[in-house]
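# Close look at the chain arrangement
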Amino acid sequence: MLKANRHYLELKDSYLFHGIKLKVNAYLKEHPNAEILRLGIGDVTRPLCPAAVEALERAARDQGTFDRFHGYMPECGDPALREAIAKHYEKFGVKIDPEEAFVSSGASDELGDILSLFDPASPALIMEPAYPAYVDASVIMGRRVIHLAGNLENGFLPLPGLDMEADLIYLCSPNNPTGATYDKAGLKAWVDYANERGAVILFDAAYEAFIRDDLPHSIFQIPGARTCAIEICSLSKTAGFTGTRLGYTVIPKELERDGVNFNRAWVRDRTTRTNGVSYILQQGGLAVFSPEGQKQLEDNLSVYRENARVLKEALNGAGLWTCGGQNAPYVWAECPEGVDSWRFFDILLKDYQIVATPGAGFGESGEGYIRFSSFASPEAVREAARRLAKLAKG
Ligand code: PLP
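Attention here is on the structure that accompanies the text. (Residues numbered from 1 in each chain as written. Predicted model: local features only at pLDDT ≥ 70, side-chain atom pairs only at ≥ 80, totals over all residues. Heavy atoms only, no water.)

Turning our eyes to something else, we now look at the packing of helix α2 (residues 50-62) against helix α9 (residues 279-289). Between α2 and α9, the shortest axis-to-axis distance is 8 Å and the interhelical angle comes to 150 degrees. With respect to α9, the axis of α2 lies roughly antiparallel. Judged by the sense of rotation from one axis to the other, the crossing of α2 with α9 is right-handed. Of α9, the residues touching α2 (which contributes Ala-51, Ala-52, Ala-55, Leu-56, Arg-58, Ala-59, Ala-60 and Asp-62) are Tyr-279, Ile-280, Leu-281, Gln-283, Gly-284, Ala-287 and Val-288. (Axes fitted to C-alpha atoms, helices over the stretch in contact; angles between N-to-C directions. Helix = DSSP H or I, 4+ residues; strand = E, 2+ residues; numbered from the N terminus. Parallel < 35°, antiparallel > 145°, perpendicular 65-115°, else oblique. Left-handed = near helix turned anticlockwise from the far one by under 90°. Contact = heavy atoms within 4.5 Å.)

The environment of the ligand is made up of 14 residues, and the closest members are Asp-204, Tyr-207, Ser-234, Ser-236 and Lys-237. Between the ligand and Asn-176, the relevant distance is 2.7 Å, taken from an oxygen atom to a side-chain nitrogen or oxygen of the residue. At 2.6 Å from an oxygen atom of the ligand is found a side-chain nitrogen or oxygen belonging to Ser-236. Protein burial of the ligand: of its 400 Å² of free accessible surface, 93% is covered by the chains. If you list the elements that add at least two residues to the shell around the ligand, you get α4 (107-113) and α7 (236-239). Its residues assigned to classes, the shell around the ligand comprises 6 nonpolar, 5 polar and 3 charged. (Near = heavy atom within 4 Å. Polar contact = N/O pair within 3.5 Å; in protein donor to acceptor, adjacent residues only side chain to side chain. Areas by Shrake-Rupley, 256 points an atom, 1.4 Å probe, with all protein chains shown as cover. Nonpolar A, V, L, I, M, F, W, Y, C, P; charged D, E, K, R; others polar.)

Axis separation between helix α1 (residues 16-30) and helix α11 (residues 341-352) bottoms out at 11 Å; the angle between their running directions is 35 degrees. Taken as a pair, α1 and α11 cross one another with a handedness that is right-handed. Residue-level inspection shows Leu-16, Gly-19, Ile-20, Lys-23, Val-24 and Tyr-27 of α1 in contact with α11, the latter providing Trp-342, Phe-345, Asp-346, Leu-349 and Lys-350. In terms of residue class, the contact of α1 with α11 is made up of 7 nonpolar, 1 polar and 3 charged.

Taken as a whole and judged by the stated rule, the model has 20 aromatic pairs. Ring centres of Tyr-131 and Tyr-134 lie 5.9 Å apart, and the angle between their planes is 75 degrees; on these two criteria the pair is classed as edge-to-face. Residues Trp-190 and Tyr-193 carry aromatic rings whose centres are separated by 6.0 Å and whose planes lie at 85 degrees to one another, so their mutual orientation is edge-to-face. With Trp-190 and Tyr-193 both in helix α6 (residues 184-197), this residue pair falls 3 residues apart, about one helical turn. By the burial criterion, Trp-190 is buried, and Tyr-193 matches it. Above the ring of Phe-102, the side-chain terminus of Arg-82 is found at 5.2 Å from the ring centroid. Just above the ring of Tyr-330 sits the side chain of Arg-371; from NZ or CZ to the centre is 4.2 Å. (Phe/Tyr/Trp six-rings, centres within 6.5 Å; stacked < 30°, edge-to-face > 60°. Buried < 20%, exposed > 50% of the residue type's maximum accessible area, 1.4 Å probe, protein only. Lys NZ or Arg CZ within 6 Å of the ring centre and 35° of its normal.)

Of all the 5 residues making up strand β15 (residues 369-373), 5 are buried; the element is thus mostly covered by neighbouring parts of the structure. Of the two faces of β15, both are covered, the one formed by Tyr-369, Arg-371 and Ser-373 as well as the one formed by Ile-370 and Phe-372. Across 5 bridges, strand β12 (residues 330-334) lies against β15 in antiparallel orientation. Each residue of the ladder has a partner; that of Glu-334, found in β15, is Tyr-369. Direction of pairing for strand β14 (residues 357-358) relative to β15: antiparallel, over a ladder of 2 bridges. Looking at the pairing, Thr-357 lines up with Arg-371 of β15. (Pairing = 2+ DSSP bridges.)

Right, here's the structure in full:
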């Protein structure tokens, strides 16, 4: 009889967003006129920039013509888009070969797929609180997970320790959910650790576009990263592509372990397991990287950035410790003393009609904290700030 991958049975049910939805719906049933401010979601709320829309429309029309129609695209990505991604890295002072940039359907897909490169017997170290897909993708493959707690002491930016035995290291900076962002020294510590140990870092840079300060956008800004890191990135939050789907992954040509060159292995993997990302979407992606697209998406990013600033100021004004918000769309706040994260969620919902995301949903070290998202309208955020001012008065 066929044997199943029973590791699926080890996955913990994620009640996070479902649980939030149930609670909000129950509240609305009792208070149908409540004006709920939804600051819980990690999905963008602003539309695609005009340059991307125009390119997507044009590309869709191309597909209806004989002379501009495209069939299968190259599996690793349209060379023009791979070139544009490489050019994007030049802004951070990073030189990559276009053949090191792989076009993907988004970061989530890649975070799971990329694990085929590594033996499931190699344990994964996951900095937490974390985007839930890291743990789940590892568990599905039967990989042992080592949880590395972020906390107040390390500013939610844990560093490697001598006692750690990780072969695969998940880092996310700017972080979801904490918004905390590593500086160069922090990332250098990880790169040195990974090179010494022969580990590989999976660096999730999905929020790099939100960085304002002089902090690394890419792990490849750190000397030594080319021999120990893979970077996974996405246009979801940068350019509002959550529902359009496009991302990219950078695998340096010199990255090798155990006789396997990961760039070559990934080319082989993609040519077998995908038939490339759609021509239409890749045209949209090219428009995002055009000077016009880059200028237009800044308009959206600046709205989210201002939202995050307003939220952070309001939470600090209410006497809550926060991190994030400055280089990330999320503000991570400590719950009032003695209140756990679901209890604080209930208080915010019932007394202030504000929805945030309980930190406990992002791993054990998230307990006692709550995440506010700036992906909302400026009006909703300003109103939330007004309501949060009352929190200070108790
Ligand atoms: N990585 C992080 C840290 C995220 O927060 C998200 C989405 O919320 C993703 C990856 C997934 O991005 P994508 O929409 O490209 O799948």
